[in-house]
Amino acid sequence: MGSRPSCSVTPAIPLCCTTRPAWWWRCSAALKAGFRCITVTGGSPGGRKAGNIAEFCRRWGGRYEALVVLDADSRMSGHTLRRLVADLQADPQTGLIQTVPRPMGAETLLARVQALAAQLHGPLLAAGQAFWQADTANYWGHNAILRTRAFADCCGLPRLPGAAPWGGDILSHDFVEAALLRRGGWHVRLDTGADGSLEQVPANLSDYLRRERRWAQGNLQHLRLLGVPGLHPLSRLHFLLGALGFVYAPLWAAMLMLGFVSLATATEAGSAALTPGAIPETALWLLGATLVLLLGPKVVGLALVRDRRHSFGGTLPWLGGGLLEMLSAVLLAPVLMVFHTLFILQILAGRPVSWEAPCRAGRLLGWRRCLRLGLPPALLGLCWLVLCLLILPALALWSAPVWLGLMLAPVLFRLSGRRAPSGLLVTPPAEAVARSPAGEAVERPPSSDRPCPPPPESPLAMPARMLIGPP
């Protein structure tokens, strides 16, 4: 959406980047009278969302001081919109303000788990990020306000040299746009206090992994950009951490296998008497440190909302929901490890991802699909358990979260899309802007609410920036 400089009156133009008319009606129905809807259908042949936003800047960017970027499955309250506009005007050096979206419309078990995690630990993690990132925060591609001229001057994205998955369109364009804004001297901030920023999340594990596959390819592309001249060191760190968010998976798998081989070799050589229940002291220290790093923020987040536990349904739902969220994280971690490793191997093999519109409506996965996706991880977990019992019985107990999560993979796929029972994984109600459930039908408005013709164009130059020279 584009906004004029005045904070009291903010005309907006929703940019509908879709070929599906149903979204025009959803967009029109969500906005008050006086708003226009520009539909971009068959506009930019490439670049996807980044290309559509670039086209808007090049055709109408001169008319608007700011853009508010929303996905089709995200929303923002009027209060938060006004807050962002005021904050952007208050600091002329700020080029982008990213909000922290809260999940909305969560109905399935997986969506409820994500919503509860966002409520319990999200504010803690966001506050930490805002502290150490300061004016070099990241951009997540939606639920953010951009200064139009700054964005156009700095963020014209080229296609990377070579073929996909390493070349072509930059899939995770948001990280790159934030880095280019910071290189251009603009501040990029993370606003942790905007409560009216909302988004829908994947409703089942299959849809969640489909999104992860696209992110994996986009984040690995960033490794090619680590040497781009002029980037802020924190921008390079964002690129590196984003890639490590997926590269960790084969590293974890390799560590498990090497650890197993090392212990088995030591046992056969007689240098370590690994009786059932016995584990080397260094391994116990490593296990303890890992649990603190993984579960520590979750425990702290649960404790921080103790005084507000009534908004989570009371003491028992608050405590039970927090423990269930931790359990689900433990069981899903090895499943994600397997799929993230598979994604890395596919990318290394040169297999690009196909860009598909995300599905956010809650749907129960059929058992056939659950078995097709979950059976390979389950067999891996079974093989791990058998090897442990035959060679290292002590390791079977200590690695139980790994093989148990893998063996339960088909059940986890099935449960992820099941509608959550009432009273389970309760979260504080979102603002009224989010009260309509995910996937609800939108009644077609009168013909007067059809998308209007676009306003007169006011072009704004947005040159493509050279990131990597041709090979």
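All of these numbers come straight from a predicted model, not from anything done at the bench.

With that settled, consider the overall build of the chain. Broken down by element type, the chain carries 15 helices and ten strands. Across the chain, every contact between residues at least 6 apart in sequence was considered, and the portion connecting residues at least 24 apart equals 82%. A total of about 22,600 Å² of accessible surface is found on the chain, and carbon and sulfur atoms cover 65% of it.

Glancing now at helix H15 (residues 409-416). The element H15 is largely enclosed, with a buried count of six among its eight residues. All of the buried residues in H15 are Ala-409, Pro-410, Leu-412, Phe-413, Arg-414 and Ser-416. Residues of H15 that are buried sit in contact with helix H4 (109-120), helix H8 (205-221), helix H11 (315-348), helix H12 (367-391) and helix H14 (400-407).

What follows is about the confidence of the model for the chain. Mean pLDDT over the chain works out to 82, with 79% of the residues at or above the 70 mark. Contacts for the low-pLDDT stretch residues 5-10, under 50 throughout, to residues beyond four places or in other chains number eight contacts.

Our focus in this paragraph is the sheet that holds strand E10 (residues 197-199). Strand order in the open sheet made by the three strands is E5-E10-E7, with mixed pairing throughout. In this open sheet, the two strands that pair with only one neighbour each are strand E5 (74-76) and strand E7 (102-103). Taken together, the three bridges between E5 and E10 define a ladder with antiparallel strand orientation. Paired with Met-76 across the strands is Ser-197, a residue of E10.

Another aspect to go through is helix H5 (residues 122-133). Given a rise of 1.5 Å per residue, twelve residues ought to cover 16 Å, and the 16 Å separating the end C-alpha atoms of H5 matches this to within 8%. After H5 finishes, the residue Ala-134 shows a positive phi value of roughly 55 degrees.

Attention now moves to the side chain of Gln-133. Mapped onto the secondary structure, Gln-133 falls in helix H5. You can call Gln-133 buried: its relative accessible area is 5%.

Applying the stated criterion across every chain, the model contains nine salt bridges. A salt bridge links Asp-191 to Arg-83, with the nearest nitrogen and oxygen atoms 2.9 Å apart. Of this pair, Asp-191 sits in strand E9 (residues 187-191) while Arg-83 sits in helix H3 (residues 78-90); the two residues are 108 residues apart in sequence, bridging distant segments of the chain. Judged by relative accessible area, Asp-191 falls into the buried class, the value being 6%. The exposure class assigned to Arg-83 is partly exposed, which follows from its relative accessible area of 30%. One salt bridge connects Glu-107 with Arg-419, and the closest N-O pair in it is separated by 3.1 Å. Residue Glu-107 is located in the loop between E7 and H4, and its partner Arg-419 is located in the segment after H15; the two are separated by 312 residues in the primary sequence. Note on Glu-107: relative accessible area 26%, which makes it partly exposed. Residue Arg-419 is classed as exposed on the basis of its relative accessible area, which comes to 60%. Via salt bridges that share partners, Glu-55, Arg-59 and Glu-457 belong to a single interconnected network.

Here the focus is the pairing of strand E8 (residues 144-147). What you see with E8 is no split at all: Ala-144 and Leu-146 on one side and Ile-145 and Arg-147 on the other are buried throughout. Pairing geometry for strand E4 (residues 66-69) and E8, over four bridges, is antiparallel. Bridging from a neighbouring strand, Leu-67 pairs with Leu-146 of E8. One ladder, built from three bridges, connects strand E6 (residues 94-99) with E8; its direction is antiparallel. Among the inter-strand pairings, Leu-96 is bridged to a residue of E8, identified as Leu-146.

Moving on, we come to the packing of aromatic side chains. Within the structure shown, the criterion is met by five aromatic pairs. With a centroid separation of 5.8 Å and 35 degrees between ring planes, the pair formed by Phe-56 and Trp-60 is classed as tilted. With Phe-56 and Trp-60 both in helix H2 (residues 48-60), this residue pair falls four residues apart, about one helical turn. Just as Phe-56 is buried, Trp-60 falls in that class too. Aromatic ring contacts, followed pair by pair, group Phe-56, Trp-60 and Tyr-64 into a single cluster.

Rules used throughout
- Residues numbered from 1 in each chain as written.
- Predicted model: local features only at pLDDT ≥ 70, side-chain atom pairs only at ≥ 80, totals over all residues.
- Heavy atoms only, no water.
- Helix = DSSP H or I, 4+ residues; strand = E, 2+ residues; numbered from the N terminus.
- Contact = heavy atoms within 4.5 Å.
- Areas by Shrake-Rupley, 256 points an atom, 1.4 Å probe, with all protein chains shown as cover.
- Buried < 20%, exposed > 50% of the residue type's maximum accessible area, 1.4 Å probe, protein only.
- pLDDT = per-residue confidence, 0-100.
- Pairing = 2+ DSSP bridges.
- Expected span 1.5 Å × (residues − 1).
- Salt bridge = Lys/Arg side-chain N within 4 Å of Asp/Glu carboxyl O.
- Phe/Tyr/Trp six-rings, centres within 6.5 Å; stacked < 30°, edge-to-face > 60°.

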